[in-house]
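Commentary on secondary and tertiary structure
Here is what each chain is made of, one letter per residue.
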Amino acid sequence: MCSTVTDLQAATPASIVRVVLDVPLDRQFDYLNPGLPICVGNRVVVPFAGRQLVGIVMALLSETDVPAHKLKAVLQVFDDLPFDAATLKLLRFCADYYHYPFGQTVLASLPLRLRQIKPAVTRKMWLYQLAKTTPEDFIGKRQQVLARLVASLRQHGECSEAMLSEVSATWRKAIQPLLDDGYVSRREVIATRPSLPASDLEPTLNDEQAQAVKAILGDVDRFQPWLLFGVTGSGKTEVYIRLLQTVLAEPRAQALIMVPEINLTPQLESRFRSRLSQFSLVTLHSHLSESERLQNWQAAQSGAARIVIGTRLSVFTPMPHLKLMILDEEHDTSYKQQDGMRYHARDVALVRAKQCRIPVVLGSATPSLESWYNAMGDQGQGVPNARKASYRLLTLTKRAAAQAKLPRIFCIDTTHSPPEAGLTPQLKQAIELRLQRGEQSLLFINRRGYAPVLHCSACQWLADCRRCSAKAVLHLRQRVLRCHHCGDEQPIPVQCPSCGNPDLRPVGQATQRVEESMQQLFPQARVARVDRDTIQAKDALTELLSAVHAGQIDILIGTQMLAKGHDFANLTLVGVLDIDSALYSPDYRASERLFAQLMQVAGRAGRGDKPGEVLIQTAFPQHALFAALREQNYAAFADDLLQERMAMQFPPATYIAVMKAEAADYSLVNQFLTDFSQAARDYVTEQAATLPDQPLVYDPVRPGIARLNRMERGYVMLQSAHRGALQQLLQVAVDWVRTHPLQAKIRWVLDVDALEY
Ligand code: ADP
Ligand code: ZN
Ligand code: ZN
């Protein structure tokens with residue numbers, strides 16, 4: 001590593017610095033080094049188009065094609081080295097695979113503070129360890145504090161100041177002679193939050209858990225994806241903890257645990273902190289302040305943090321000693337980034353694990369069809385393009401806690417028992433019963449606001465968003481109509497804008513309205529609502545969850561936010577409202593998502609020693625999805641869906657990419673997309689002989705929400721059973737787009753492996 005100017009000059013005659021910048025151009029830029037101590041991986045400040053930008057150094061060269069008079073000089077270099085070669089390799093892969101400018105890929109992966117023109121400031125702390133094995137010779141008989149300090153150092157290997165001050169308040173003074181005489185040494189690292197006190201709860205693993213742990217630990221020195229398929233409450237988290245305990249026992253080893261939305265599951269973080277309290281742990285997610293984010297990121301990058309728990313972006317965090325990756329709830333769609341580079345964190349994690357030659361564990365009660373397919377391979381499918389199973393499957397079939405049983409699931413046919421104020425008589429009765437017994441109920445409705453539609457019965461007028469082709473949702477409490485797609489708000493009209501009728505009616509159910517009905521039906525009950533509107537404040541959810549645990553809530557109403565991970569011992573009833581639209585949605589992934597959501601939310605019932613019950617209100621109780629759900633048979637459901645996808649040639653049977661475009665004027669979008677699909681088709685025809693498969697190129701179509709935020713939208717889908725063939729086509733297609741005359745007049749984005757159009 002170069003440290004001084006003279007070192008650098010001696011080592012290399014390079015005077016050209018090649019950097020990547022956060023600009024939407026898919027290239028790197030050369031600058032002159034005016035004699036600064038610059039290394040590959042450094043952050044530098046350079047002039048660019050009249051501004052100053054932070055760049056990352058990719059190479060040091062002795063010459064460049066840029067003419068000397070145009071070559072500008074690097075202005076400044078910071079002494080932090082944010083990237084290692086492994087991380088840059090991963091980012092390079094992603095830029096190529098998602099066809100996104102490399103510079104933007106690299107810089108977007110950094111905490112904001114490292115993209116700003118200032119040095120990175122982080123807090124440090126000291127770690128102490130024994131340097132000689134026989135400090136006892138040095139300790140006098142009555143020096144009990146010292147003896148305890150040494151015992152603690154011996155037990156933990158390395159101790160932070162926080163750990164030592166737990167041993168004794170006077171540890172600093174006591175340990176000084178040991179430091180002076182070289183019995184103890186210390187090193188400075190990026191500070192991490194102290195762990196929680198160690199938990200002594202260490203359940204004995206059941207056979208399935210033990211087998212899973214044994215299988216994975218028996219094969220940790222190479223790349224291997226594992227699908228840990230376990231029903232809710234089957235003890236997957238316990239399996240993760242055991243894996244970490246063993247893998248992290250190796251000095252310096254690090255592990256990355258990814259979760260969909262960490263702030264929704266505060267329990268999970270404290271469980272890891274207390275069960276793995278000997279290892280420094282940091283989190284990375286969007287609820288951290290920028291300085292916390294930098295601190296935690298640097299702790300991971302420097303190796304000081306042994307465990308990182310993070311959301312999708314954490315997949316890019318440099319971790320020099322990464323030995324294991326875990327993705328919990330791997331099916332969750334929040335792993336897919338929906339703007340900027342549209343990566344899927346699960347897919348990136350697999351690539352990273354492969355590059356690092358380490359195992360990656362994907363956990364879920366309802367695996368994504370992609371992962372299910374990769375675990376099943378062509379077993380019994382009899383399809384031409386089936387792959388061989390590349391994931392190894394581990395199954396946990398029952399709930400782990402001794403008393404907990406899977407809940408019983410029933411459908412209530414709303415055609416025979418029409419709901420009143422959203423509730424069928426059966427569900428109402430079931431809630432009453434819980435109230436009498438002092439147990440808790442949860443009502444799941446995946447729509448926030450008061451009602452999804454405001455309707456005029458005289459002329460059939462419906463309230464629309466002014467900017468989107470979507471309905472405006474009625475939010476009665478805030479007295480607005482709000483669009484859930486663009487956020488636009490408009491006042492609630494006092495009369496029908498179309499015919500003047502003053503009698504406008506809310507139609508349908510959403511969380512606020514269900515809350516209101518519950519308060520009217522059960523005035524004595526303590527009702528709480530959980531959705532994005534009620535828990536905007538950082539600690540609101542945590543407070544509400546503790547109220548639920550403390551038995552201060554009788555009826556909980558919530559969206560999918562409540563479906564994830566929570567463990568409510570006294571919750572014995574889950575009611576599900578208004579899901580029928582997802583049963584027959586034009587989106588072929590809707591039923592996969594619905595099944596996962598219902599399994600998740602059903603999984604909240606009966607986690608303690610009382611049995612749980614799930615009541616689903618639907619007009620289609622005969623639907624195959626419910627049959628599988630009642631038996632909690634995900635495998636049967638997934639196999640059916642997979643057959644269907646095979647027959648229709650949808651993912652995961654094939655790979656897709658979607659070229660999306662939008663502009664204020666649809667004719668531009670249509671022109672651009674028509675040209676695009678023609679050019680793509682021409683390429684496929686020309687290259688028929690060299691392409692390993694001939695990708696299909698569809699005509700431009702409009703998405704379900706054709707206008708979003710005043711922009712008219714369209715897309716073209718490209719599809720192939722062969723990933724390489726699709727990639728080859730995309731490479732050419734994106735180059736073509738970048739030179740198309742319309743590309744500056746519209747907004748376009750390529751979404752590889754798109755989940756939504
Ligand atoms: P999952 O992650 O699959 O939802 P958890 O690991 O959270 O499951 O386990 C569910 C509950 O069962 C937790 O309260 C956990 O402490 C408990 N548990 C897990 N494994 C065991 C076990 N082997 N014996 C007893 N209880 C267990
Ligand atoms: Zn009207
Ligand atoms: Zn809108």
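This text goes with the structure placed above it.
Summary of the structure given here. Computed from a predicted structure; not experimentally measured. Within each chain, residues carry numbers counting from 1 in the order of the written sequence. Throughout, the order in which chains and ligands are written sets their labels, letters from A for the former and numbers from 1 for the latter. A pLDDT threshold of at least 70 governs which residues receive local features in this predicted model, and a stricter bar of 80 or more applies before side-chain atom pairs are shown or counted, although totals over entire chains, interfaces and linings include all residues. For side-chain calculations, the full set of non-hydrogen atoms in the structure is used, while hydrogens and water are omitted.

What follows deals with the overall build of the protein chain. Helix and strand assignments follow DSSP, with helices taken as H or I runs no shorter than four residues and strands as E runs no shorter than two, numbered in order from the N terminus. Tallying secondary structure elements over the protein chain gives 22 helices and 31 strands in all. If you line up the protein chain on its principal axes, its C-alpha atoms span 85 × 75 × 55 Å. Note on classification: 1.4 Å probe, protein chains only; a residue is buried when its accessible area is under 20% of the maximum for its type, exposed when over 50%, partly exposed between these limits. Counting all 757 residues of the protein chain, 54% fall into the buried class. Of all intrachain contacts in the protein chain linking residues separated by at least 6 positions in sequence, the fraction that spans at least 24 positions is 75%. For accessible areas, the Shrake-Rupley method is used with a probe of radius 1.4 Å. Any residue's cover is judged against the shown protein chains and nothing else. Of the accessible surface of the protein chain, which amounts to about 33700 Å², a share of 50% is contributed by carbon and sulfur atoms. Whether two residues are in contact is decided by their heavy atoms: any pair within 4.5 Å suffices.

It is worth spelling out the coordination of the zinc ion (ligand 2) at this point. Only N, O and S atoms count as donors, using a 2.8 Å limit from the metal and a wider 3.2 Å limit for Na, K and Ca, and since water is excluded some coordination spheres may look unfilled. Surrounding the zinc ion (ligand 2) are the protein donor atoms C456 (SG), C459 (SG), C496 (SG) and C499 (SG), at 2.2 to 2.4 Å. By the criteria applied here, four donors are tetrahedral when all angles lie between 85 and 135 degrees, four are square planar and six octahedral when opposite donors are over 155 degrees apart and every other angle lies between 65 and 115, and any other arrangement is irregular. One can describe the donor arrangement at the zinc ion (ligand 2) as tetrahedral, given that its 4 donor atoms subtend angles of 104 to 115 degrees at the metal. Summarised as a motif, the one-chain spacing of the donors to the zinc ion (ligand 2) is C-x2-C-x36-C-x2-C. Taken together, the residues C456 in strand 18 (residues 453–456) and C499 in the loop between strand 21 (489–491) and strand 22 (504–507) connect sequence positions 43 residues apart.

To continue, consider the sheet that holds strand 7 (residues 158–160). Whether two strands pair comes down to DSSP finding at least two bridges between them. Spatially, the 3 strands line up as an open sheet ordered 7-6-8, and their pairing is antiparallel. Either end of the sheet is taken by a strand with one partner, and the two such strands are strand 7 and strand 8 (184–190). Along the sheet, successive strands turn relative to each other by an average axial angle of 30 degrees, direction set aside. Here 7 bridges tie strand 6 (residues 124–130) to strand 8, and the two strands are oriented antiparallel to one another. Counted as the bridge partner of Y128 is R186 from strand 8. Sheet strands touched by helix 7 (residues 171–180): strand 6 and strand 8. Its angle to strand 8, the strand with the most contacts, is close to 120 degrees. Lines are fitted to the C-alpha atoms to define the axes, a helix being fitted only along its stretch in contact, and any angle between axes, read from their N-to-C directions, falls within 0 to 180 degrees.

Attention shifts here to the coordination of the zinc ion (ligand 3). Taken together, C465 (SG), C468 (SG), C483 (SG) and C486 (SG) make up the full set of protein donors to the zinc ion (ligand 3), lying 2.2 to 2.3 Å away. Coordination at the zinc ion (ligand 3) is tetrahedral: its 4 donor atoms span angles of 105 to 117 degrees at the metal. When the donors of the zinc ion (ligand 3) are listed by position in the chain, the intervening gaps give C-x2-C-x14-C-x2-C. Overall, C468 belongs to the buried group, its relative accessible area being 2%.

Before going further, it helps to examine the packing of helix 9 (residues 236–247) against helix 10 (residues 266–275). Viewed as axis vectors pointing N to C, helix 9 and helix 10 meet at an angle of 35 degrees, and their least axial separation amounts to 11 Å. Here the hand of the crossing between helix 9 and helix 10 comes out right-handed. Contacts between helix 9 and helix 10 involve T237, E238, Y240, I241, R242, L244 and Q245 from the first element and L268, R271, F272 and R275 from the second. Basically, the charged four are Asp, Glu, Lys and Arg, the nonpolar ten are Ala, Val, Leu, Ile, Met, Phe, Trp, Tyr, Cys and Pro, and anything else, Gly included, counts as polar. Along the lines of polarity and charge, the residues of the contact of helix 9 with helix 10 split into 5 nonpolar, 2 polar and 4 charged. Crossings are sorted by hand: turned counterclockwise from the far helix by less than a right angle, the near helix makes the crossing left-handed, and turned clockwise it makes it right-handed.

The subject of this paragraph is unusual backbone geometry. Glycine aside, residues mostly have negative phi angles, and peptide bonds mostly take the trans form. Of the consecutive residues P651 and P652, the connecting peptide bond is found in the cis state with omega at 5 degrees. By secondary structure assignment, the location of P652 is in the loop between helix 20 (634–648) and strand 27 (655–663). The backbone of A49 shows a phi angle near 45 degrees, a positive value even though the residue is not glycine. For A49, the location among the structural elements is in the loop between strand 3 (43–48) and strand 4 (51–61). By relative accessible area, which is 65% here, A49 ends up exposed. For D578, which is not a glycine, the phi torsion comes out positive at approximately 60 degrees. When you line up the elements, D578 lands in the loop between strand 25 (571–576) and helix 17 (580–583). By relative accessible area, which is 39% here, D578 ends up partly exposed.

Turning our eyes to something else, we now look at the site of ligand 1. The cutoff for a nearby residue is simple: one of its non-hydrogen atoms must lie within 4 Å of the molecule or strand. Near ligand 1, the surroundings consist of 17 residues, among which T204, Q209, K236, T237 and R271 are the closest. Here a polar contact is taken to be a pair of N or O atoms separated by no more than 3.5 Å, where protein atoms must pair a possible hydrogen donor with a possible acceptor and residues adjacent in sequence count only if both atoms sit in side chains. G235 places a main-chain nitrogen or oxygen 2.9 Å from an oxygen atom of ligand 1. Along the lines of polarity and charge, the residues of the shell around ligand 1 split into 5 nonpolar, 7 polar and 5 charged.

Attention now moves to the side chain of H475. For H475, the location among the structural elements is in strand 19 (residues 473–475). Residues contacting H475, with those up to four places away along its chain left out, are R448, G449, Y450, V480, R482, H484, I492, Q512 and D533.

Each residue after the first adds 1.5 Å to the expected span of a helix. Over its 13 residues, helix 11 (residues 290–302) extends 18 Å from the first C-alpha to the last, a length consistent with the 18 Å expected when each residue adds 1.5 Å. Backbone geometry just after helix 11 places G303 at a positive phi near 90 degrees.

It is worth spelling out the pattern of salt bridges at this point. Take a side-chain nitrogen of Lys or Arg and a carboxyl oxygen of Asp or Glu: if they are within 4 Å of each other, that pair is a salt bridge. Tallying each qualifying case throughout the model produces 45 salt bridges. Where D80 meets R43, a salt bridge forms, and the shortest distance between an N and an O atom there is 2.8 Å. Here the residue D80 occupies a position in the loop between strand 5 (76–77) and helix 2 (85–98), and R43 occupies one in strand 3, the gap between them amounting to 37 residues. Between R342 and D751 there is a salt bridge, and its shortest N-O distance comes to 3.9 Å. Remark: D751 occurs in strand 31 (residues 747–752) and R342 occurs in the loop between strand 13 (322–327) and helix 12 (345–356); sequence separation between them is 409 residues. Pair check on accessibility: R342 and D751 agree, each one buried. Because the salt bridges share partners, they merge into one network encompassing E202, E238, R242, R271 and R275.

What follows is about the environment of L146. Inspection of the secondary structure puts L146 in helix 5 (residues 144–156). A relative accessible area of 3% places L146 in the buried class. The spatial distance from the C-alpha of L146 to the C-alpha of S168 is 9.2 Å, given a sequence separation of 22 residues. Sequence-distant contacts of L146, defined by excluding residues within four places in its chain, comprise I139, A174, I175 and L178.

Summarising burial for strand 14 (residues 359–364): 6 of the 6 residues are buried, a large majority. Burial along strand 14 is two-sided: P359, V361 and G363 and V360, L362 and S364, pointing in opposite directions, are all buried. Where strand 9 (residues 224–230) lies against strand 14, 6 bridges are found, and the strand directions are parallel. Residue pairing across strands places F229 opposite S364, the latter belonging to strand 14. Two elements, strand 13 and strand 14, share 3 bridges in a ladder whose sense is parallel.

On to the nonpolar core, then. One broad trend across soluble globular proteins is that nonpolar side chains are buried collectively. Among buried residues, those of type Ala, Val, Leu, Ile, Met, Phe, Trp, Tyr and Cys that are joined through side-chain atoms within 4.5 Å constitute a nonpolar core. Formed by 132 residues in total, the largest nonpolar core has its most connected members in L556, L598 and I616. Element by element, the count of residues in this core is highest for helix 21 (residues 666–686), at 8 residues. Among all residues touching L556, those that are not within four sequence positions of it are S441, L442, L443, A528, V530, L544, V548, L562 and F568. Core analysis: the second largest hydrophobic core is formed by 30 residues, V213, V239, V361 and L396 among them.

Let us now look at the sheet that holds strand 2 (residues 29–32). The 5 strands lie next to each other as 2-1-4-3-5, forming an open sheet whose pairing is antiparallel. Of all strands in the sheet, those with a lone pairing partner are strand 2 and strand 5, marking the two edges. Of the strand pairs in this sheet, strand 1 (residues 16–21) and strand 2 are connected by 4 bridges, and their pairing is antiparallel. Counterpart to R18 in the pairing with strand 2 is D30.

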